[in-house]
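So you can see what is in the structure, the chains are spelled out below.
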Amino acid sequence: MILKNNEEKRSTLWRTVLTVSSVLIVIIAVFFIVKLFTDNPLEGTWISEDTGQTLVIRDKGELTVSPSDGSGDEEFTAHFSVDTRTKVLTVQTESSGGILSGTYNYNVEQDTLTLTEREYGNQMVFVRK
């Protein structure tokens, strides 16, 4: 056994092991709490139920829209910002007539994303891939 006859050294070793493991547990807990509250809830790949379009939302503020197969449209990339407090997604595209350009209220329930256009109230429903 480790340090058979020396109770003081065993005690010191045990306190060291407990301290290190406690610090690791606290660091891991802080990481998960920060990740939970600062992460982008929209990040991922979403497929439209109606049109078959694919939305790829990255954490770096970049959004890629891929058209449905056979539609003839081109894939394009836009920049976005998310306000998680008010649940607002703002998409800015390079061209003024961008397909998804605008401001949307969003709602995520399990694997379903609903974007509601703020001006006209039109809704788009996407399912997480």
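Residues numbered from 1 in each chain as written. Predicted model: local features only at pLDDT ≥ 70, side-chain atom pairs only at ≥ 80, totals over all residues. Heavy atoms only, no water.

**Student:** Tell me about the overall build of the protein chain, residues and numbers included.
**Tutor:** Helix and strand content of the protein chain: 1 helix and 8 strands. Start at the N end of the protein chain and walk to the C end: the helices and strands fall as α-β-β-β-β-β-β-β-β. Residues classed as buried in the protein chain amount to 22% of the 129 residues present. A separation threshold of at least 6 residues defines the contact pool for the protein chain, and within that pool the share at least 24 residues apart is 24%. As displayed, the protein chain offers around 9300 Å² of accessible surface, 54% of which is attributable to carbon and sulfur atoms. (Helix = DSSP H or I, 4+ residues; strand = E, 2+ residues; numbered from the N terminus. Buried < 20%, exposed > 50% of the residue type's maximum accessible area, 1.4 Å probe, protein only. Contact = heavy atoms within 4.5 Å. Areas by Shrake-Rupley, 256 points an atom, 1.4 Å probe, with all protein chains shown as cover.)

**Student:** How would you summarise the environment of Ser68 if you had to cite specific residues and measurements?
**Tutor:** Following the sequence through the fold, Ser68 ends up in the loop between β3 (62–66) and β4 (76–83). Linking Ser68 and Thr51, residues 17 residues apart in sequence, is a C-alpha distance of 6.6 Å. Once residues lying within four places of it in the same chain are set aside, the contact partners of Ser68 are Thr51, Gly52 and Gln53.

**Student:** Pulling in residues and values, what's your account of helix α1 (residues 7–38)?
**Tutor:** A rise of 1.5 Å per residue sets the reference length of α1, with its 32 residues, at 46 Å; its end C-alpha atoms lie 46 Å apart and thus fit the reference within 8%. Its side-chain oxygen at 3.3 Å from the backbone nitrogen of Glu8, Asn6 defines the N-terminal cap of α1. (Expected span 1.5 Å × (residues − 1). Polar contact = N/O pair within 3.5 Å; in protein donor to acceptor, adjacent residues only side chain to side chain.)

**Student:** A description of the sheet that holds strand β6 (residues 102–109) should follow, citing residues and the corresponding values.
**Tutor:** With antiparallel pairing, the 8 strands of this closed barrel are ordered in space as β1-β2-β3-β4-β5-β6-β7-β8. Across the sheet, the mean angle separating the axes of adjacent strands is 30° when strand polarity is ignored. As judged from the 4 bridges shared by strand β5 (residues 88–92) and β6, these two strands associate in the antiparallel manner. Bridge pairing links Thr90 to Thr103 in β6. (Pairing = 2+ DSSP bridges. Axes fitted to C-alpha atoms, helices over the stretch in contact; angles between N-to-C directions.)

**Student:** Give a description of the pattern of salt bridges that names residues and reports values.
**Tutor:** The tally for this structure, following the rule as stated, stands at 3 salt bridges. A salt bridge links Asp111 to Arg128; its shortest N-O distance comes to 4.0 Å. Taken together, the residues Asp111 in the loop between β6 and β7 (112–117) and Arg128 in strand β8 (residues 123–128) connect sequence positions 17 residues apart. Taking relative accessible area as the criterion, Asp111 reaches 44% and is therefore assigned partly exposed. (Salt bridge = Lys/Arg side-chain N within 4 Å of Asp/Glu carboxyl O.)

**Student:** Go over the packing of aromatic side chains, please, and point to the residues and values.
**Tutor:** All chains considered together, the criterion is met by 1 aromatic pair. With centroids separated by 5.3 Å and ring planes inclined at 70°, the aromatic side chains of Phe31 and Phe32 adopt a geometry described as edge-to-face. (Phe/Tyr/Trp six-rings, centres within 6.5 Å; stacked < 30°, edge-to-face > 60°.)

**Student:** Any chance you could break down unusual backbone geometry for me, citing the residues and the numbers?
**Tutor:** Positive phi, normally seen in glycine, also occurs at Lys87, with a value near 60°. By secondary structure assignment, the location of Lys87 is in the loop between β4 and β5. At Gln110, a residue that is not glycine, the phi angle is positive and equals roughly 50°. Assignment of secondary structure puts Gln110 in the loop between β6 and β7.

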